[in-house]
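As a plain string of letters, each chain reads:
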Amino acid sequence: MIDARGLSCPMPVLMVQREVKKNQPKTIEVLVDNMTAVGNITRFAASQHYEVRTEESAGDYRMTLWK
């Protein structure tokens, strides 16, 4: 689980990039608290051939990336 709440871009997407580069996981869970991060992570995930599901709850966004 990557918790990037409270961080402004580009930090959330950089955290996801590091995880992908280091471990190449099949599934990644990410928490963010702004739509800019959701958009940037979604674009990065697509470039790495991940599918993305985003759920919003109380101003936070839980993103699930999977291959």
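(A) Quick look at helix 1 (residues 11–23). The first and last C-alpha atoms of helix 1 sit 18 Å apart over 13 residues, in line with the 18 Å expected at 1.5 Å per residue. Of all the residues in helix 1, the buried ones are Pro 12, Val 13, Val 16 and Val 20. Projection of helix 1 onto a plane perpendicular to its axis shows the buried side chains occupying an angular sector of 95°, all on one side. Facing away from the buried side of helix 1, by more than 90 degrees, are the exposed residues Arg 18, Lys 21 and Lys 22. Summarising the contacts, the buried residues of helix 1 are in contact with strand 1 (2–3), strand 2 (27–32), helix 2 (35–47) and strand 4 (60–66).

(B) Up close: the packing of aromatic side chains. Summed over all chains, the structure comprises zero aromatic pairs. Its guanidinium or amino end placed over the ring of Tyr 50, Lys 67 lies 4.8 Å from that ring's centre, counting from NZ or CZ.

(C) Up close: the environment of Asn 34. Inspection of the secondary structure puts Asn 34 in the loop between strand 2 and helix 2. Along the primary structure Asn 34 and Ala 4 are separated by 30 residues, whereas in three dimensions their C-alpha atoms are 9.8 Å apart. Each residue touching Asn 34, except ones within four places of it in the same chain, is listed here: Leu 7 and Tyr 61.

(D) Spotlight on the nonpolar core. Val 16, Ile 28, Val 30, Val 32, Ile 41, Met 63 and Leu 65 are the most contacted members of the largest nonpolar core, which has 17 residues in total. Looking at this core, the elements with two or more residues in it are helix 1, strand 2, helix 2 and strand 4. When residues in this core are grouped by element, the largest group, five residues, is from helix 2. The contact partners of Val 32, leaving out residues within four places of it in the chain, are Ala 4, Arg 5, Pro 12, Ala 37, Val 38, Ile 41, Asp 60, Tyr 61 and Met 63.

(E) Representation of the side chain of Thr 64 in the model. Among the secondary structure elements, Thr 64 is positioned in strand 4. With a relative accessible area of 9%, Thr 64 lands in the buried category. Side-chain polar atoms of Thr 64 contact the side chain of Glu 29, separated by 3.2 Å. Setting aside residues up to four positions removed in sequence, Thr 64 forms contacts with Thr 27, Ile 28, Glu 29, Glu 51, Val 52 and Arg 53.

So, how was this worked out
Within each chain, residues carry numbers counting from 1 in the order of the written sequence. In view of the model being predicted, local features appear only for residues whose pLDDT reaches at least 70, and side-chain atom pairs are presented and counted only at 80 or more, with totals across whole chains, interfaces and linings using the full set of residues. To obtain the side-chain values, all non-hydrogen atoms of the structure were included, while hydrogens and water were left out. Runs of E in the DSSP output that reach at least two residues are strands. Runs of H or I that reach at least four are helices, and both are numbered from the N terminus. A helix's residues, less one, multiplied by 1.5 Å, set its expected span. Burial here depends on accessible area, computed with a 1.4 Å probe over protein chains only, as a share of the maximum for the residue type. Under 20% is buried, over 50% is exposed, and the range in between is partly exposed. The arc in question is the one traced by the directions running from the helix axis out to the C-beta atoms. Contact definition: two residues touch when any of their heavy atoms are within 4.5 Å. Pairing of aromatic rings covers Phe, Tyr and Trp, the last counted by its six-membered ring, and requires centre-to-centre distances within 6.5 Å; plane angles under 30 degrees mean stacked, over 60 mean edge-to-face, and any other angle means tilted. Charges are assigned to positions over rings by a cutoff of 6 Å between ring centre and Lys NZ or Arg CZ, combined with an angular limit of 35 degrees from the ring normal. In plain words, nonpolar cores are sets of buried Ala, Val, Leu, Ile, Met, Phe, Trp, Tyr and Cys residues tied together by side-chain atoms within 4.5 Å. Whenever two N or O atoms come within 3.5 Å, that pair is a polar contact, provided that in protein one can donate a hydrogen and the other can accept it, and provided that, for residues adjacent in sequence, both atoms are side-chain atoms.

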